[in-house]
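Understanding the architecture of this molecule
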Amino acid sequence: MSRFTRFAGSVIEAVLTPHAVDRYLELVDPMVTWTDIRGRVTAVSRRSDRTVTFSVTPTRQFEGFQAGQFIQVSVVIDGVRQTRCFSPAGSQHQPGDLEFTVTADADGHVSKHLRENLAVGDVLGLTPAAGTFTLPGTPGDRPARIRLISGGSGITPVLSIVRTLVDEEHDGAIDVLHFCRDSGDNPYREELDRLARRQNVSVTYVYTRAGGRHLGPEHLEDLGDIGFACGPAPLLDTAKQLYSDAGVELRVEEFTPPVVAAPSGEATGTLRFTEAGTEVDNDGRSILDQAESSGLFPESGCRMGICFSCTAVRKTGCTTNILTGETNDEPDQHIQLCISAPVGDVEIAL
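Residues numbered from 1 in each chain as written. Predicted model: local features only at pLDDT ≥ 70, side-chain atom pairs only at ≥ 80, totals over all residues. Heavy atoms only, no water.

Pairs of packed helices are described in terms of their axes, by the angle between the two and the distance that separates them. For the pair helix 4 (residues 155-167) and helix 5 (residues 189-196), interaxial distance at closest approach is 12 Å and the crossing angle is 35°. Relative to helix 5, the crossing made by helix 4 is left-handed. Only Glu 191, Leu 192 and Leu 195 of helix 5 make contact with helix 4, whose side of the interface consists of Ile 155, Leu 159, Val 162, Arg 163 and Val 166. Each residue belonging to the contact of helix 4 with helix 5 can be placed in one class, and the counts come to 6 nonpolar, no polar and 2 charged. (Axes fitted to C-alpha atoms, helices over the stretch in contact; angles between N-to-C directions. Helix = DSSP H or I, 4+ residues; strand = E, 2+ residues; numbered from the N terminus. Left-handed = near helix turned anticlockwise from the far one by under 90°. Contact = heavy atoms within 4.5 Å. Nonpolar A, V, L, I, M, F, W, Y, C, P; charged D, E, K, R; others polar.)

Laid out in structure tokens, this is it:
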């Protein structure tokens with residue numbers, strides 16, 4: 001986008017305040033945007049009883065992705081825009097539609113909605129790709145032996161990496177270890193089987209409901225020159241320990257929000273959302289969870305402190321970082337609501 005185009009956009013935005021240009025354009029056509037990225041659903045399939053696979057044509061503002069990255073996908077449910085992070089499953093070298101596969105979790109408000117209701121023609125909100133779960137080096141200069149470990153829906157960024165390496169004609173070893181409930185719970189089984197017929201690609205399945213054990217040392221005789229792991233927390237914890245013990249680099253992508261407890265003992269104080277004029281007793285959960293329980297709907301994405309979409313200003317009080325345990329009480333500080341919990345009385349500009 002040119003400097004003049006950005007300047008013109010800023011002028012138009014100012015004239016149309018309080019609403020952004022795209023809020024007016026979407027009344028005519030939701031795919032006509034000035035700055036926002038949108039995507040129209042062009043294909044939908046449900047390959048297993050828990051998943052939905054869909055293709056999305058993004059608007060011109062989308063600039064591509066690196067294999068393994070995630071995109072924040074927004075959908076309106078009951079009049080409220082909800083945002084979650086999903087990884088494209090395609091190769092980074094294939095332009096055009098983006099492919100996603102979403103697994104409907106029992107408590108997944110957005111994932112269940114997509115599984116049950118998504119249809120061709122729907123328009124979703126998108127953001128630029130982000131994340132560091134990516135291949136090191138450049139095409140032709142990748143690690144010789146690459147080990148990829150996935151559990152459940154963690155297969156999507158892993159498959160993106162494999163597809164990208166195949167497009168690059170990577171001739172090193174590509175070893176995939178995938179954990180899922182059973183063969184019917186594997187939406188990419190046919191493609192993974194085809195990939196496994198390539199000379200340098202191996203694919204191993206572990207079906208946990210058919211007696212297969214969860215990740216352990218017996219599954220990883222060869223760790224490769226670098227490892228990638230994406231899946232539920234227990235799988236990642238084990239992978240981290242195995243690779244750390246062996247001194248081999250491991251890159252991980254987490255998709256399970258951290259378990260939140262009161263910062264230290266019993267939660268105390270009140271949490272006040274100044275713009276909404278709402279005050280609640282602090283129950284120790286993240287500020288994002290408490291805001292949503294109070295009927296507020298702050299913007300959010302990954303819910304794990306990765307995407308930085310749920311930031312707000314802490315006006316007063318002290319909060320603790322759920323991931324690190326660090327506390328901070330400086331006034332008028334931007335914090336991430338999904339990984340911050342109140343310590344005593346706290347005021348948030350929300």
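Here the focus is the packing of aromatic side chains. Throughout the structure, instances matching the rule amount to 3 aromatic pairs. Ring geometry for Tyr 205 and Tyr 207: centres 6.1 Å apart, planes at 10°, overall stacked. On the accessibility criterion, Tyr 205 (18% relative accessible area) is buried. The class for Tyr 207 is buried, based on a relative accessible area of 19%. (Phe/Tyr/Trp six-rings, centres within 6.5 Å; stacked < 30°, edge-to-face > 60°. Buried < 20%, exposed > 50% of the residue type's maximum accessible area, 1.4 Å probe, protein only.)

Soluble globular proteins: nonpolar side chains tend toward being buried together. One finds Ile 146, Leu 148, Ile 161, Val 162, Leu 192, Leu 195 and Phe 228 to be the most contacted residues of the largest nonpolar core, which totals 26 residues. Going through the elements one at a time, strand 7 (145-151), helix 4, strand 8 (173-180), helix 5, strand 9 (201-207) and strand 10 (226-231) are the ones with two or more residues in this core. The greatest single-element share of this core, amounting to 7 residues, is contributed by helix 4. Leave out the neighbours within four places in its chain, and Ile 146 touches Leu 135, Leu 165, His 170, Ala 173, Ile 174, Asp 175, Ile 226 and Phe 228. Counting residues in each nonpolar core, the second largest holds 21 residues, with Val 41, Val 52, Val 56 and Leu 118 among its members. (Core = buried A, V, L, I, M, F, W, Y, C linked by side-chain atoms within 4.5 Å.)

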